[in-house]
Amino acid sequence: MSPAFSGAAASPSAAPPAAVPPASSHEPRSTDPREPPRTSRREAALVAALVTAVVAVAVSLAFDPARAGAPGMLAAVGAPYAVLGAATVMWLRRRGELRAALRPLSGDLARGALVAALLYGVAMAVQMVIAPRGSPREAWLLRLYLQLGDPSADARVFVGAMVFVVAALEELVWRGLVMRALEGPLGLVAAWLLSSALFAVAHLPTLYLLGDPVAGPNPLLVAAGFGCSIVWGRVVHRTGRLPPALFAHAFFSWAIVSFPIWRP
């Protein structure tokens with residue numbers, strides 16, 4: 001059991017051994033309400049597969065070139081995440097982890113902004129190495145920003161706000177549900193790495209939807225999804241809560257849209 005969202009362990013019973021009735025094979029095994037039950041392999045696999053499949057379909061719809069710059073682009077991915085986010089909240093509540101997972105503390109906003117700023121700097125550096133100006137691979141960035149719409153349009157503020165919300169929902173679902181569910185059967189490290197890999201897998205459709213005839217398949221969102229998920233998952237492990245990672249993910253995605261790392 002990960003200590004991330006769990007309460008304190010139950011204190012040992014002070015009653016003498018003779019006072020404890022013998023266990024019966026017919027009695028259900030009791031659990032400490034402060035220590036939520038571990039997810040089974042079947043439940044964890046179902047959660048991970050379902051979320052990955054739903055997000056992959058949503059990504060396919062959102063990044064269809066026919067939706068480039070259209071309001072329906074963000075709605076196509078935002079609506080499924082809203083449903084998954086609500087399911088995550090109910091799942092955490094049922095397990096008694098909701099308050100521990102989402103409780104805010106002073107400094108969460110600053111921590112999230114700092115992580116987002118560091119990732120933004122890394123994104124700029126990677127862009128200059130992988131897709132420098134004048135190279136055929138510059139088309140990868142062009143396709144990505146064309147999908148989001150004109151960066152100088154008045155609606156860019158609205159787009160940035162929508163991206164902020166969707167990114168926060170992404171973090172809630174992938175770290176609060178998928179990673180947390182996988183921790184039961186797999187442990188902290190394996191769940192961290194696998195949930196990050198699945199987040200990247202869910203973005204595989206963009207390899208071809210945002211590809212270019214000359215530059216080839218576009219790996220930017222897949223690679224960024226895995227690398228950033230590693231960081232955001234580590235933030236959750238370090239803090240034991242979701243808000244710092246929620247802010248880090250939301251601020252980073254908002255900055256990528258509002259302050260593009262590439263302009264025509």
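Quick note: structure is the one above.
Residues numbered from 1 in each chain as written. Predicted model: local features only at pLDDT ≥ 70, side-chain atom pairs only at ≥ 80, totals over all residues. Heavy atoms only, no water.

Trainee: An account of the nonpolar core is requested, with residue identities and associated values reported.
Mentor: Grouped together as the largest cluster of nonpolar side chains are 63 residues, with contacts concentrated most on Val51, Val55, Tyr81, Trp174 and Phe252. Broken down by element, the residue count for this core peaks at twelve residues, all from helix 6 (residues 156–186). Here Val51 is in contact with Leu84, Val173, Trp174, Leu177 and Val178, once residues within four sequence places are set aside. (Core = buried A, V, L, I, M, F, W, Y, C linked by side-chain atoms within 4.5 Å. Buried < 20%, exposed > 50% of the residue type's maximum accessible area, 1.4 Å probe, protein only. Helix = DSSP H or I, 4+ residues; strand = E, 2+ residues; numbered from the N terminus. Contact = heavy atoms within 4.5 Å.)

Trainee: Tell me about a nonpolar patch on the surface, and name the residues and values.
Mentor: On the surface, Val122, Val126, Val129 and Ile130 cluster together to form a nonpolar patch covering roughly 330 Å² of accessible area. Tracing the chain through its elements places Ile130 in helix 4 (residues 108–130). Residue classification places Ile130 among the partly exposed residues on the basis of a relative accessible area of 33%. (Patch = residues over 30% accessible without salt bridge, like charges linked within 9 Å, V, L, I, M, F, W, Y side chains within 5 Å. Areas by Shrake-Rupley, 256 points an atom, 1.4 Å probe, with all protein chains shown as cover. Salt bridge = Lys/Arg side-chain N within 4 Å of Asp/Glu carboxyl O.)

Trainee: An account of the packing of aromatic side chains is needed here, citing residue identities and associated values.
Mentor: In total, this model carries five aromatic pairs according to the counting rule given. Aromatic pair Phe164 and Phe251: ring centres 5.4 Å apart, planes at 75°, arrangement edge-to-face. Of the two residues, Phe164 sits in helix 6 while Phe251 sits in helix 10 (residues 243–258), which places them 87 residues apart along the sequence. By relative accessible area, Phe164 is classed as partly exposed at 25%. The partly exposed category is assigned to Phe251, whose relative accessible area is 22%. (Phe/Tyr/Trp six-rings, centres within 6.5 Å; stacked < 30°, edge-to-face > 60°.)

Trainee: Describe in detail the pattern of salt bridges, supporting the description with residues and values.
Mentor: Applying the stated criterion across every chain yields a total of eight salt bridges. Residues Arg95 and Glu97 are paired through a salt bridge, measuring 2.6 Å at the closest nitrogen-oxygen approach. What you see here is one network of salt bridges that share partners, running through Arg95, Glu97, Arg180 and Glu183.

Trainee: Explain the packing of helix 1 (residues 41–62) against helix 6 residue by residue, including any values.
Mentor: Where helix 1 contacts helix 6, the axes come no closer than 8 Å and their chain directions differ by 150°. Our classification of the angle between helix 1 and helix 6 gives roughly antiparallel. The two elements helix 1 and helix 6 meet at a crossing, and its hand is left-handed. Packed against helix 1, whose contacting residues are Arg41, Ala44, Val47, Ala48, Val51, Thr52 and Val55, the element helix 6 presents Val173, Trp174, Leu177, Val178, Ala181, Leu182, Pro185 and Leu186 at the interface. Split into classes, the residues belonging to the contact of helix 1 with helix 6 amount to 13 nonpolar, one polar and one charged. (Axes fitted to C-alpha atoms, helices over the stretch in contact; angles between N-to-C directions. Parallel < 35°, antiparallel > 145°, perpendicular 65-115°, else oblique. Left-handed = near helix turned anticlockwise from the far one by under 90°. Nonpolar A, V, L, I, M, F, W, Y, C, P; charged D, E, K, R; others polar.)

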